[in-house]
Structures are given as structure tokens and as C-alpha cells.
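Structure at a glance
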Amino acid sequence: MKKMTIRALLDEYRKYLHHDITVNGWVRAFRSNRFIALNDGSTINNLQIVVDFENFDESLIKNISTASSLKITGEVVESQGSGQTIEIIAKKIEILGDNDTEELQHTILQPKKHSLEKLREQAHLRFRTNLFGAVFRVRNAVSFAIHSFFNERDFFYVNTPVITGADAEGAGEMFGVTNFDLNSLPKTEDDKVDFAEDFFGRKTNLTVSGQLEAEAAAMGLGRVYTFGPTFRAENSNTTRHLAEFWMVEPEVAFNNLEDNIDLAEDFLKYVIQYVLDHCKDDLAFLDKRFEEEQKTKPQKDRATQGLIEKLETVVKQRFKRVSYTEAIDILRDSKENKKGKFQYLIDEWGADLQSEHERYLVEKHFESPVVLFDYPAKIKAFYMRLNEDGKTVAAMDVLFPGIGEIIGGSQREERLSVLKNKMAEMGVDGEELWWYLDTRRFGSVPHAGFGLGLERLVLFVTGMTNIRDVIPFPRTPGNAEF
Ligand code: 4AD
Ligand code: MG
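Notes on the site of ligand 1
- Near ligand 1 lie 24 residues; those nearest to it are Glu-169, Gln-211, Glu-249, Glu-405 and Ile-406.
- One of the backbone N or O atoms of Gly-453 is found 3.2 Å from an oxygen atom in ligand 1.
- When residues of the shell around ligand 1 are traced back to their parent elements, those giving at least two are strand 11 (244-253), strand 15 (404-411) and strand 16 (447-453).
- Counting residues per element, the shell around ligand 1 draws most heavily on strand 15, which supplies 5 residues.
- Class assignment of the residues belonging to the shell around ligand 1 gives a composition of 8 nonpolar, 8 polar and 8 charged.

Points about the pairing of strand 5 (residues 86-97)
- Sheet analysis places strand 3 (residues 47-50) next to strand 5, joined by 3 bridges and oriented parallel. What sits directly across from Gln-48, in strand 5, is Glu-87.
- By the bridge criterion, 10 bridges tie strand 4 (residues 69-78) to strand 5 in an arrangement that is antiparallel. Residue pairing for strand 5: Thr-73 is matched across the bridge by Lys-92.

Considerations on the sheet that holds strand 6 (residues 156-157)
- An order of 6-10-11-16-15-14-13-12 is seen for the 8 strands of this open sheet, with the pairing classed as mixed. Strands at the two margins of the open sheet, each flanked by one partner only, are strand 6 and strand 12 (320-323).
- Packed on one face of the sheet, helix 5 (residues 130-152) meets strand 6, strand 10 (223-231), strand 11 and strand 16 and runs near 150° to strand 10.

Quick look at the sheet that holds strand 9 (residues 204-206)
- Strand order in the open sheet made by the 3 strands is 7-9-8, with antiparallel pairing throughout. The open sheet is flanked by strand 7 (163-164) and strand 8 (176-177), the only strands paired with a single partner.

Here's the deal with the side chain of Ser-209
- Within the secondary structure, Ser-209 is located in the loop between strand 9 and helix 6 (211-221).
- A distance of 3.0 Å separates a polar side-chain atom of Ser-209 from the backbone nitrogen of Gln-211.
- With sequence-adjacent residues up to four places away left out, Ser-209 is seen in contact with Ala-168, Glu-169, Thr-230, Arg-232, Met-247 and Glu-249.

Comments concerning a nonpolar patch on the surface
- Taken together, the side chains of Val-162, Ile-163, Phe-199 and Phe-200 define a hydrophobic patch exposed on the protein surface, amounting to about 380 Å² of accessible area.
- Summarising the element assignment, Phe-200 is placed in the loop between strand 8 and strand 9.
- On the basis of relative accessibility, which here comes to 42%, the residue Phe-200 falls in the partly exposed class.

Rules used throughout
- Residues numbered from 1 in each chain as written.
- Chains lettered and ligands numbered in written order.
- Predicted model: local features only at pLDDT ≥ 70, side-chain atom pairs only at ≥ 80, totals over all residues.
- Heavy atoms only, no water.
- Near = heavy atom within 4 Å.
- Polar contact = N/O pair within 3.5 Å; in protein donor to acceptor, adjacent residues only side chain to side chain.
- Helix = DSSP H or I, 4+ residues; strand = E, 2+ residues; numbered from the N terminus.
- Nonpolar A, V, L, I, M, F, W, Y, C, P; charged D, E, K, R; others polar.
- Pairing = 2+ DSSP bridges.
- Contact = heavy atoms within 4.5 Å.
- Axes fitted to C-alpha atoms, helices over the stretch in contact; angles between N-to-C directions.
- Patch = residues over 30% accessible without salt bridge, like charges linked within 9 Å, V, L, I, M, F, W, Y side chains within 5 Å.
- Areas by Shrake-Rupley, 256 points an atom, 1.4 Å probe, with all protein chains shown as cover.
- Salt bridge = Lys/Arg side-chain N within 4 Å of Asp/Glu carboxyl O.
- Buried < 20%, exposed > 50% of the residue type's maximum accessible area, 1.4 Å probe, protein only.

Next up, the structure:
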């Protein structure tokens, strides 16, 4: 008999009415020794199995409990009860795995409400919950939509290295990669660690971004994107930062800053619309959770819109495009700034924006996603294109409600001499990046790209609040369990 998922069965149940089928899954609940709610992870919806206990061994029935896994064959019938369209009249039940009931008491599989912190401690089991099933199915849909967006627009998916010698952001927040025995490090004559002796014959690290390699690829393939894990050794213990996160980085030859902003806006809207169209059941569940969570907050901190409503608004809204200079004026004149409510007060042009400022602009001032552009050169990375004013660069950040920065990008400096000067000024080693400079030596062209933090987008579309809850096994300072 053909194996099928519960999602496929529920979607096309008419095809199977009064036929025998086989399903596998985990017991979510077993009521009155008669009704099993079975879930196989394919959908948030459980399948109801009706068990006539006279037809089965008593010992078998006794061994079925929440969390045990079953293989069931039975007839598909229209359901008598409310709450489901069909149910399965069990003819054969096989227990694939029963429970250590004593140990089960200490796990999150115990059917009651558990805190998100507790669920995080048992991240290996949280896939079994309604909430995390929904979150990870939505995460999957987001990833799929990302590939489909770029594929429809003639972009090529390129894989950039995870282990690299380059510091793409020039920010030095990298995890080193070494094969040395740390207890006996080879030294050079001046008593430094001799990386020439290491596996790669040089110092290497985990990538912070695939951008520089993606730029090289775009200088031949035209439109490319990377989508892979990136690593940052920044000690930020916030609800928005991970030490290991997934980044999507398109890079496009012949694009300028405005093209880049258009692409980012289209891209975000496409992915969000895809989730609205394809994740209805999961979103309905997340929407309800979101609403319930709002009720636990003080009135002033509550969201003004429901989750689905918020997503629908964002795809319809035109994102506000505001220069850094305008933003500084708005922030400087804001009540928050004048009354000293910001932790970091804004007094002059050139200040780096903190997330409190980004969120003020998005949530209070514009009440819309905001794209900030033309930032001071001093607070941005070396590769961003210098504007004619000589003090700003063609950078862009997309800021989202409840999230802050979701995308960061720029038009790139394609002029070799300007780039070299900038690198020297910012202390970025031109010898190490000889290959990057080569892309400006032979047929250099204007180009632009950006990076989207996948988890920040998943946070936004699921309405979750902690980034640790939208990646299966989060890595943060002090945490690398599993
Ligand atoms: O702004 P960032 O640092 O930009 C870059 O790395 C560029 N090389 C991208 C490019 O132009 N190709 O990072 C891009 C995005 C941020 O906007 C944010 O969404 C996410 O990556 N991000 C993080 N997400 C989770 N945890 C962290 N520690 C993150 N750091 C950045
Ligand atoms: Mg950034």
C-alpha cells in the first residue's frame, strides 16, 4: 500500500473515501481509549484515528500514549464528529516506538504548556510541538520562495566557501578555523603562531559573508545569489543575533543603488506573499499564538495589527525610502531624543544608528518598512561605493517593524583607485584581497547587492520574538548544545 503524508490525505481526501490507506505518525492525544490524534509533521492538522478497542489486543491499546509512534492501516470515512472532515477506522495498528513513560514526564512531550525557554533546552524534541512544526514548515517555505524568486529572474545560485581567508566585512568578528594541536603550536622566529604550518598553509576562518566571492561570480555570470550559513563571533546576546545564521546574498552586475533597493523590496514582498499563499494553516495557528502573546503585554507594547494582517499590509505598502541625513534630522527632532528617552542620544550627523532608532523610524514615525540609504562612509564597510559628496556611501538598510535591520546592502565601489584608497584608510589588507581587486582591474562594472538574514525574515513572518526560536539548533555565546 502506498505511503502517504497526512497533508496529502487531508488535501485530497475525496480520492481516498472508503478506501484502505496506511499512515504513520506520532500520537498527539489518545482520548477515551478510542480516538487517536495522529500527526506526522507534514501539516499542523492531526488525523483522527478511530479505534474499536474490542477489535484489538488490550495490551496493544494500553501501550499507546502521547508521543508514541504508530503505523496505522484503515478505512477513510467521513467524520461523524465536528472538527475534522475525515477519520480513519483502524484495522491494523502497529506500535513503531513506545515511550519510556517515566522519562517522558521530564520532557516537553508531556502534553501541557511549556515555556519557550524550556522548549529551547529540548530543541531536539521541539519539532514535535504544534508551534515548532509550524515555525519550521514556514521556514522551509521561505527558503523555497527565495530560490524560486531568483530562479524566475535569471539569477544563478552560487555556493561560496564556508572556510575562507578573507574578512568580507572588515569587522574582524570571525571564528578561526585551525587544525593545530592547541597545546603545541608551531611558532615563527618572532614567537607568533606560524599559520604557514596549518592545514591550509595560512590563517583561515568561518565566513562572515559570501559577498566578496559572490561579486567575483557576478562579474562573469551577471546575476547571482548565495544562500548559506554565515558566522559572527560578536558577543551580542540579543533576540536578533545568532553566532551562526543563514544569509541570502544576491549580487547583480550593472545594478545601481536604486535597482538594488527595488530588488530588495520586490524580493521581500514576493517571499511574504508566497508564505501567505502557501502556509495558510500554519499561519492561522501562528496568528492565534501571536494574538494570545499580545494579551500578556502591557497595552502600550501591544501590536496594533494581527500577524496575518501585518503581512498583508507589508506586501501592499510601498516601503518608505529615506536618506540617512533625513533620518538623522527626524531622530534629532523627535520627542524621544529631546526627552532623553533614547539610550543613545542623537546629536550629530555621523552617528551610527542603534536598533532603538531604527525601530522608532519604522514603528513610530513612518509606520511602514523603511529603506535608509546614503550612510556616512565612516560607519560602513570598505566595499561600498563612495558618493559624489565624498562623505557618504551608496549603502542601504531595509528596516522592518518589530525587527529593525532585516537587509543590509550597497552599490559596490567599482573604481580600482578609489577602492584601494578606501582599503588603505580602513586598514583592509589589499595583498590578501588581490583577487577581489582583480575584479576591478579587468572589465570592472557598476554592481550592487545585499544580504538578508534568513532568521530575521522568519521571525517577521512567524511573529516569533526570539531568533533562537526560528532556527532548529541555535548557536549563541555560551550555547552550542546538540
Ligand atoms: O548587514 P550585514 O552585516 O551585511 C553583510 O554581511 C553584507 N556582506 C551583505 C551584502 O551586501 N551582501 O548582514 C546582512 C544581514 C543583516 O541585515 C541581518 O539581517 C543579518 O544579515 N545578520 C544577522 N542575523 C542574525 N544574527 C546575526 N548576528 C546577524 N548579523 C547580520
Ligand atoms: Mg548591516
